[in-house]
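Topology and contacts: notes
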Amino acid sequence: QVQLVESGGGLVQPGGSLRLSCAASRSIFSIYDMAWYRQAPGKQRELVATISSGGSTNYADSVKGRFTISRDNARATVYLQMNSLNPADTAVYHCHGGPRAGYWGQGTQVTVSS
């Protein structure tokens, strides 16, 4: 089975930064599109950012200019660099990708609070 293991979440003050990582367990990682989603309490899951197998990226309007998605195919890892964080960014963040319907990571909590 494919596993996606996330790390990097935590508690940060408004205006701060975090970098999330999602490491895949398969060597075929490089051929799949990958994405980051988030879900805050009482809200639907939101697509935050995507990166194609060719490196093309897209972002939700709410994070554009603040977040950057990237990938390192040699390490089978996708990243989400988050800058200028505000309390509205508080959510559980999940990575997603892989064959067929794709696989989900376990999620990592990001809390932005003073």
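Our subject in this report is the structure included herewith. Being a predicted model, the structure only gives us computed values, none of them experimental.

About the thresholds
- Residues numbered from 1 in each chain as written.
- Predicted model: local features only at pLDDT ≥ 70, side-chain atom pairs only at ≥ 80, totals over all residues.
- Heavy atoms only, no water.
- Helix = DSSP H or I, 4+ residues; strand = E, 2+ residues; numbered from the N terminus.
- Polar contact = N/O pair within 3.5 Å; in protein donor to acceptor, adjacent residues only side chain to side chain.
- Contact = heavy atoms within 4.5 Å.
- Buried < 20%, exposed > 50% of the residue type's maximum accessible area, 1.4 Å probe, protein only.
- Pairing = 2+ DSSP bridges.
- Axes fitted to C-alpha atoms, helices over the stretch in contact; angles between N-to-C directions.

Structurally, T108 can be placed in strand β11 (residues 108-112). Only 3.2 Å separates the side chain of T108 from the backbone nitrogen of G9, close enough to count as a polar contact. T108 has contacts with E6, G8, G9, L20, A91, V92 and Y93, leaving out every residue within four places of it along the chain.

If you check the backbone angles, S84 has positive phi at about 50 degrees while not being a glycine. Along the polypeptide, S84 turns up in the loop between β8 (77-82) and β9 (91-97). At R100, a residue that is not glycine, the phi angle is positive and equals roughly 55 degrees. Locating R100 in the fold gives a position in the loop between β9 and β10 (103-104). Residue class for R100 comes out exposed when judged on its relative accessible area of 90%.

Relative to the elements of secondary structure, A91 occurs in strand β9. Measuring from C-alpha to C-alpha, the distance between A91 and Q109 comes to 6.1 Å, with 18 residues separating the pair along the chain. Sequence-distant contacts of A91, that is, excluding residues within four places in its chain, are made with R38, Q39, A40, T108, Q109 and V110.

Before going further, it helps to spend a moment on the sheet that holds strand β7 (residues 67-72). With antiparallel pairing, the 4 strands of this open sheet are ordered in space as β1-β3-β8-β7. Of all the strands in the sheet, the pair left with one neighbour each is β1 (4-7) and β7. Between one strand axis and the next, the sheet turns by 15 degrees as a mean value, whatever way the strands run. Relative to strand β3 (residues 18-24), β1 is paired through 4 bridges, and the arrangement is antiparallel. Considered in β3, the bridge of S7 is made with S21.

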